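Coordinate analysis (summary)
The lines below spell out each chain.
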Amino acid sequence: MRSSSFLYFFFKAWWCLLVWVACWPVAAQAAAERDVPAPLSAKAGGMSIVPFMGMFEDTSRTLDIAQVRTPENEARFAYPDNPLKGAESDRVLWFRVRLQLADPADALREFLLLVPTVSTHELRFYGPYNDEGRALGDPVVTGMRHPWATRPADSEQMAWRFKLPDDQVYTVYFRVESTFARFYAARVWDLADYLQETQDKRMFDGVCYGLLMGLAIFSTVMLLVFRESIYAWYLVSCIGALLALAGFNGHTLRYPFAHWPAAASFFYSMAPPLWAISKLMFGRSLLRLSDYAPRVDKVVLAMVAALALAAVYGLLGSHPLWLFRLVQASVVASTVVLTVGAVMAMRRRYWPAVLYCLGVTILLLGICAIIVASWGWVAWTPQQMDMTQTVLVAESIVFAAAMASRVRLLRRSEQALTVRTQELVEALGTDALTGAANRAGLTSHGEAAIRAGQPFALLLLDLDGFKGVNDTYGHAAGDAVLVAMVRRLRAQLRAGDLVARLGGDEFAVLIAGSPPREVIAAMARRMAASAAEPLAFEGRSLVVGMSLGIACHPADGRTLADLLRAADSAMYTCKRRPEGGDCYAFASELQAG
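As a starting point, this report considers the structure included with it. (Residues numbered from 1 in each chain as written. Predicted model: local features only at pLDDT ≥ 70, side-chain atom pairs only at ≥ 80, totals over all residues. Heavy atoms only, no water.)

1. Considerations on the pairing of strand E11 (residues 456-464)
A large share of E11 lies buried, amounting to eight of its nine residues. Sheet topology places E11 next to strand E13 (residues 506-512); seven bridges connect them, and they run antiparallel. Within the sheet, the bridge partner assigned to Leu-461 lies in E13 and is Phe-507. In the sheet, E11 pairs with strand E16 (residues 545-553) via nine bridges, with the strands oriented antiparallel. Within E16, the residue paired with Leu-463 across the bridge is Met-546. (Buried < 20%, exposed > 50% of the residue type's maximum accessible area, 1.4 Å probe, protein only. Helix = DSSP H or I, 4+ residues; strand = E, 2+ residues; numbered from the N terminus. Pairing = 2+ DSSP bridges.)

Structural data, given as structure tokens:
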């Protein structure tokens, strides 16, 4: 068994060696075919030099340009088959590209070698080297570790200005040290064309920043007015998005921290997790996950805690690439989790969740391109960053619309609550037995009329003989009389007048306006006549009388209490009259007498 195993591995090793020997000349020939100079010319939109770029990784991180240009290291430059597809990683890369003018007339034209990155810690340009090995220019060192003044072309992206004096072949080297190092889609531009081309990009960035600043101001105003945490989280998410985009576009180093690169690097690292955390908390508040989806709410809080810990860990300078990948993963995962929460909220007819779903869907569709490219799943292109920037701003706008929908929903709920409260207040102001207003209802209406300066007449009514009905026929008969009295009184009144039962067999009628004295007297006689009509109850005929005291506002009193006292005095004056006299009395007559 041992000899057979040995022979198997022996022949397998020889087979692999033969395959490598057979393929090595082919691979070497392919590499040699690609190690040709790029035909340099001034093209609209710049000229891609990706197919002509050789690269190798400096695992020691210590090689200088002299060491790189030795034959041993020159042989290390390779040409990947799919160079723009690869995962980001913390490493040092060396690149080499040979350039040759396609048109000798372009000699001494100023070109720009653009490396589309703003996050590189340090980037060093060397050359161009002629065939004698002499550099035509001094080395240029720039990057996020260096002040803005080190940028030779005043460009947010890493760029290097150079000229070729003739149509010979020249070699350019550049060294990239970055936490997010990968193959870069480098291009060569005519300097004037590049400066003109970037105007559109800067205008696009300005519009995005302006929209985010406007949304931040909007959320600040909402926070000051409503003082709810949801507006605070939205404000922080807008600020985080603004800082993240400014960092990704290189503007934090160019404008606020031109002389303080460490601060620009700090915000470049911390703005994305700040945005991700605030976005999660905003979604949690908007969707009311604690009410509609408690389990989803716990998942969101766990994700927030993980991001916060990762941000602190990244702040200490350890493994910032892990932090970025965690933020990227959280964006995708949180979109799924919050979409589940939004669906659960929509099932409760919470319609702001619809707009929230739209916002997170827009973000997911746009940002996934750059995320999967950073993971090495698809090829990277500069346009992916513009797409991410667009969808991030679009998501913030949709979220603002969702907040407006929430405010509208809360306003409708508040209006419905106000109506319900009014109904309850009116219910509290209603006599349970007769359906007439009670003393609180009379007080509410009367004092409202007094505050509004509206005139009215207050009639205080007392049933004569009601105690006898109660004592003789029982409380059920008395209740029937009371209910009938309210019905009969309402039949004599207008729609705006009020009937109230103050307690026992005592009633009050509030007649709106200032009808003439004769009209009030006629209404009083009709009320008394209606009350005197017999009421059939369980085969018996129940009869009661009525005495009325009348007081008018404002002539007989400025307050409801004064009017009640005046009407009460008039009513008892009426009761003391001999039988056959008027059933009503005006308080003003007593004062005149």
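2. Side note on the packing of aromatic side chains
Evaluation of the coordinates by the stated rule reveals 21 aromatic pairs. Ring centres 5.8 Å apart and planes at 40° place the aromatic pair Phe-125 and Phe-174 in the tilted group. In this pair, Phe-125 sits in strand E6 (residues 122-129) while Phe-174 sits in strand E9 (residues 170-181), placing the two residues 49 residues apart along the sequence. An aromatic cluster is defined as three or more aromatic residues linked by ring pairs; in this entry it consists of Phe-95, Phe-111, Phe-125, Trp-160, Phe-162, Phe-174 and Tyr-184. The ring of Tyr-350 has Arg-288 lying over it, and the distance from NZ or CZ to the ring centre is 5.7 Å. (Phe/Tyr/Trp six-rings, centres within 6.5 Å; stacked < 30°, edge-to-face > 60°. Lys NZ or Arg CZ within 6 Å of the ring centre and 35° of its normal.)

3. As for the pairing of strand E3 (residues 53-57)
Among the five residues of E3, four are classified as buried, and the element is accordingly described as predominantly covered. By the bridge criterion, five bridges tie E3 to strand E4 (residues 89-101) in an arrangement that is antiparallel. Bridge assignment links Glu-57 to a residue of E4, and that residue is Leu-93.

4. As for the nonpolar core
Counting 54 residues, the largest nonpolar core has Tyr-234, Phe-282, Val-300 and Tyr-356 as its most contacted members. Secondary-structure elements contributing two or more residues to this core are helix H4 (191-226), helix H5 (229-248), helix H7 (261-287), helix H8 (289-292), helix H9 (294-315), helix H10 (320-346), helix H11 (352-374) and helix H12 (383-428). Counting residues per element, this core draws most heavily on H7, which supplies nine residues. Setting aside anything within four residues of it in sequence, one finds Val-300 in contact with Leu-280, Arg-284, Leu-289, Val-337 and Leu-338. (Core = buried A, V, L, I, M, F, W, Y, C linked by side-chain atoms within 4.5 Å. Contact = heavy atoms within 4.5 Å.)

That's the geometry; what it means functionally is another story.
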